[in-house]
Amino acid sequence: MDPKIMIAVVAVIFAADMGWQMFQNKKRNELFDRLSSFLAKKEYDAFDELIDSPQTRKLFPAFNIAFLKLNEAMLKEDREAVDRAFGQFDVRMNGVQKEALYKKGFYYYLGLEDRTKTRVYYDLLKGLKVRDEQMIDVMYDTYIDKGYGHIDEIKALADQGSEEQKMPYYALLADMYRNKGEEDTAKEYEKKVSEYTETLQKGKK
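What you are looking at is a predicted structure, and each value in this text was computed from that prediction instead of being measured.

Engineer: Got a minute to help me understand the layout of surface pockets in this structure?
Structural biologist: The method is simple in principle: a probe with the dimensions of a water molecule rolls over the atoms, and the space it marks as empty is what remains. By volume, the largest pocket is sized at about 180 Å³. Lining the largest pocket, in full, are Asp48, Ile51, Asp52, Lys69, Glu72, Ala73, Lys76, Asp78, Ala81, Arg84, Ala85 and Gln88. Here the lining of the largest pocket is built from residues that sort into four nonpolar, one polar and seven charged.

What follows is the structure in structure tokens.
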């Protein structure tokens, strides 16, 4: 085949493929927006029907579908459904997907103070060596082990931030000092958070 003809054919095929990809991406984005809207409005029946439709299975990878179903279970505050949803991730995952899933599991079960399941996701995250590994260690020590070994580093982080950025660290320090048995210091940090929150609320009025 004439090289010029070959180049022209390849160009047509490439353009057609790009057009198809753009069309698919548009359809995928529209579908995701519809699913997100159903979740935001708590229209769970409509969400269930659409997430299980052939259209969704065709456009979305299995991981994305399972992750959306997990979000639904969490929004419903259905503990058994959440447990089942976490168990459905028997799909191949890349590093980014693993980190997203493991963090979701870690913080969900951490909030429930479920030592066993939090430990499972803690170990999985440690195996990935995520960027915010230090904070994950802090959270596990503070809320699962009821420790206070990271007080100095959290105080140092709080000193570096703006007033707004300090508040999560102050809340964390309050719990650390409570674990340590220093209730008065814990209340001092809680007061700072409370006062800042009240100031924000007054500013919105």
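Engineer: How do you make sense of helix H10 (residues 163-180) when you look at a structure like this?
Structural biologist: An α-helical turn contains 3.6 residues, so a residue and the one three or four places further along point in the same direction. Its 18 residues give H10 an end-to-end C-alpha distance of 25 Å, which sits within 8% of 26 Å, the value for a rise of 1.5 Å per residue. Inspection of H10 places Lys166, Met167, Tyr170, Leu172, Leu173, Ala174, Met176 and Tyr177 among the buried residues, and these make up the whole buried set. Looking one or two residues past H10, glycine 181 carries a phi angle of roughly 90°, positive in sign.

Engineer: How should the pattern of salt bridges be read in this particular structure?
Structural biologist: Once their charged atoms are close, side chains differing in charge can pair, the charge on each being opposite to the other. In the structure shown here, the tally under the stated rule is 17 salt bridges. Residue arginine 115 pairs with aspartate 145 through a salt bridge whose shortest N-O separation is 3.3 Å. In this pair, arginine 115 sits in helix H7 (residues 115-128) while aspartate 145 sits in the loop between helix H8 (133-143) and helix H9 (151-160), placing the two residues 30 residues apart along the sequence. Overall, aspartate 145 belongs to the partly exposed group, its relative accessible area being 42%. Note that glutamate 183 and arginine 178 form a salt bridge whose closest N and O atoms lie 2.9 Å from each other. The exposure class assigned to glutamate 183 is partly exposed, which follows from its relative accessible area of 31%. Taken together, the salt bridges that share partners define one network made up of Arg79, Asp83, Asp114 and Lys117.

Engineer: Would you take a moment to explain the packing of aromatic side chains for this structure?
Structural biologist: Two measures describe an aromatic ring pair: the distance that separates the ring centres and the angle between the ring planes. The tally for this structure, following the rule as stated, stands at 14 aromatic pairs. These aromatic residues form a ring-pair network of at least three members: Phe86, Tyr102, Tyr108, Tyr109 and Tyr121. We note lysine 192 situated over the ring of tyrosine 170; from NZ or CZ to the ring centre the distance is 5.0 Å.

Thresholds, definitions, all that
- Residues numbered from 1 in each chain as written.
- Predicted model: local features only at pLDDT ≥ 70, side-chain atom pairs only at ≥ 80, totals over all residues.
- Heavy atoms only, no water.
- 1 Å grid on protein atoms, 1.4 Å probe; cavity = no way out; pocket = protein on both sides within 12 Å on 5 of 7 lines; lining within 4 Å.
- Points joined across faces, edges and corners; volume = space filled by probe spheres on them.
- Nonpolar A, V, L, I, M, F, W, Y, C, P; charged D, E, K, R; others polar.
- Helix = DSSP H or I, 4+ residues; strand = E, 2+ residues; numbered from the N terminus.
- Expected span 1.5 Å × (residues − 1).
- Buried < 20%, exposed > 50% of the residue type's maximum accessible area, 1.4 Å probe, protein only.
- Salt bridge = Lys/Arg side-chain N within 4 Å of Asp/Glu carboxyl O.
- Phe/Tyr/Trp six-rings, centres within 6.5 Å; stacked < 30°, edge-to-face > 60°.
- Lys NZ or Arg CZ within 6 Å of the ring centre and 35° of its normal.

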